[in-house]
Amino acid sequence: AAGVIQSPRHLIKEKRETATLKCYPIPRHDTVYWYQQGPGQDPQFLISFYEKMQSDKGSIPDRFSAQQFSDYHSELNMSSLELGDSALYFCASSLGIQGTEAFFGQGTRLTVV
Amino acid sequence: GENVEQHPSTLSVQEGDSAVIKCTYSDSASNYFPWYKQELGKGPQLIIDIRSNVGEKKDQRIAVTLNKTAKHFSLHITETQPEDSAVYFCAASIRGNNDMRFGAGTRLTVKP
């Protein structure tokens, strides 16, 4: 079965650069969530989209923005990168937002140097 | 907002033994409690979930119990195998996955 696809898998950027992470949800899933996971930490909710509209916002820095496109894929844009942004970024998708199972992608490992 | 606490942070068991991981949550309005297994270099994988209208759910060697009054839920793994070794996260949410909050994780090691 198709899973959540994230690209790229690894990304190395320098401080103050920008990065764009992409997420392709499971076919027919209309909801996308972004999480940030630091080393040895639990995933922290950043932002979510339902039917191409932002549905909730968590601890996403103002330097980050995201959107969901007409084909339901989502992109997380990160600007003015800082060393502390180095983390695993996970995207998850679900069908609807009311307590339905969320399936995670493999993640993008971002390293800021 | 919701706060989820998870214990223990590390757990080591012998193959064949049982493992129990416990979580507590703060918001009594939470109604969805998934458990995720995360292996090294991979994304969290949903292994079982429970909703607030159910007290227990079982799937083969994995079971989850929920005590709404005490606001805690637990993951039980029986007959553990080395491939069960991973980090396990509990989570709780009120409005579905939008506001899902994770526990800090439990690193389970199953020794052969």
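As the structure is a prediction and not an experimental result, all values here were calculated from the model.

Undergrad: Help me understand the overall build of chain A in this model?
TA: Each helix and strand counted, chain A has 0 helices and 11 strands in total. Secondary structure elements in chain A, listed N-terminal to C-terminal, are β-β-β-β-β-β-β-β-β-β-β. Its C-alpha atoms give chain A a radius of gyration of 13 Å, near enough to 13 Å, the size a compact globule of 113 residues would have. Over its C-alpha atoms, taken along the principal directions, chain A stretches across nearly 35 × 25 × 25 Å. Residues counted as buried form 49% of the 113 residues belonging to chain A. Contacts in chain A between residues at least 24 apart in sequence constitute 53% of all its contacts with a sequence separation of at least 6. Separation between the mean location of the 10 positive side-chain charges and that of the 12 negative ones in chain A comes to 6 Å.

Undergrad: When you look at the state of the cysteines in this model, what are you seeing that I'm missing?
TA: Throughout this description, disulfide means a covalent bond between two cysteine sulfur atoms. A full pass over the atoms with the stated rule returns 2 disulfides over all chains. For Cys-23 of chain A, the disulfide goes to Cys-91 of chain A, at an S-S distance of 1.7 Å. Of note, the bridge from Cys-23 of chain A to Cys-91 of chain A carries an S-S torsion of about -50° and is left-handed in sense. Of the two residues, Cys-23 of chain A sits in strand E3 (residues 19–24) while Cys-91 of chain A sits in strand E9 (residues 87–94), which places them 68 residues apart along the sequence. We note that Cys-23 of chain A, like Cys-91 of chain A, is buried. For Cys-23 of chain B, the disulfide goes to Cys-90 of chain B, at an S-S distance of 1.9 Å. Here the disulfide of Cys-23 of chain B and Cys-90 of chain B is left-handed, its torsion about the S-S bond being about -100°. Taken together, the positions of Cys-23 of chain B in strand E3 (residues 19–25) and Cys-90 of chain B in strand E9 (residues 86–92) put the pair 67 residues apart, joining distant regions of the chain. Of the two residues examined, Cys-23 of chain B and Cys-90 of chain B, each falls in the buried class.

Undergrad: I tried to follow the sheet that holds strand E8 (residues 74–78) of chain A on my own but got confused; where do I start?
TA: For sheets, the rule is that strands pair by backbone hydrogen bonds, running either parallel or antiparallel. Residues and elements named next belong to chain A. The strand order E1-E3-E8-E7 describes an open sheet built from 4 strands, whose pairing is antiparallel. In this open sheet, the two edge strands, each paired with only one partner strand, are strand E1 (5–7) and strand E7 (64–68). Averaged over neighbouring strand pairs, the angle between their axes works out to 15° when direction is ignored. The pairing of E7 with E8 spans 5 bridges and is classified as antiparallel.

Basis of the calculations
Residues numbered from 1 in each chain as written. Chains lettered and ligands numbered in written order. Predicted model: local features only at pLDDT ≥ 70, side-chain atom pairs only at ≥ 80, totals over all residues. Heavy atoms only, no water. Helix = DSSP H or I, 4+ residues; strand = E, 2+ residues; numbered from the N terminus. Rg over C-alpha atoms; globule rule 2.2 N^0.38 Å. Buried < 20%, exposed > 50% of the residue type's maximum accessible area, 1.4 Å probe, protein only. Contact = heavy atoms within 4.5 Å. Lys, Arg positive; Asp, Glu negative; His and termini not counted. Charge placed at Lys NZ, Arg CZ, Asp CG, Glu CD. Disulfide = S-S within 2.5 Å. Pairing = 2+ DSSP bridges. Axes fitted to C-alpha atoms, helices over the stretch in contact; angles between N-to-C directions.

Without other data, these values stay purely geometric and don't point to any function.
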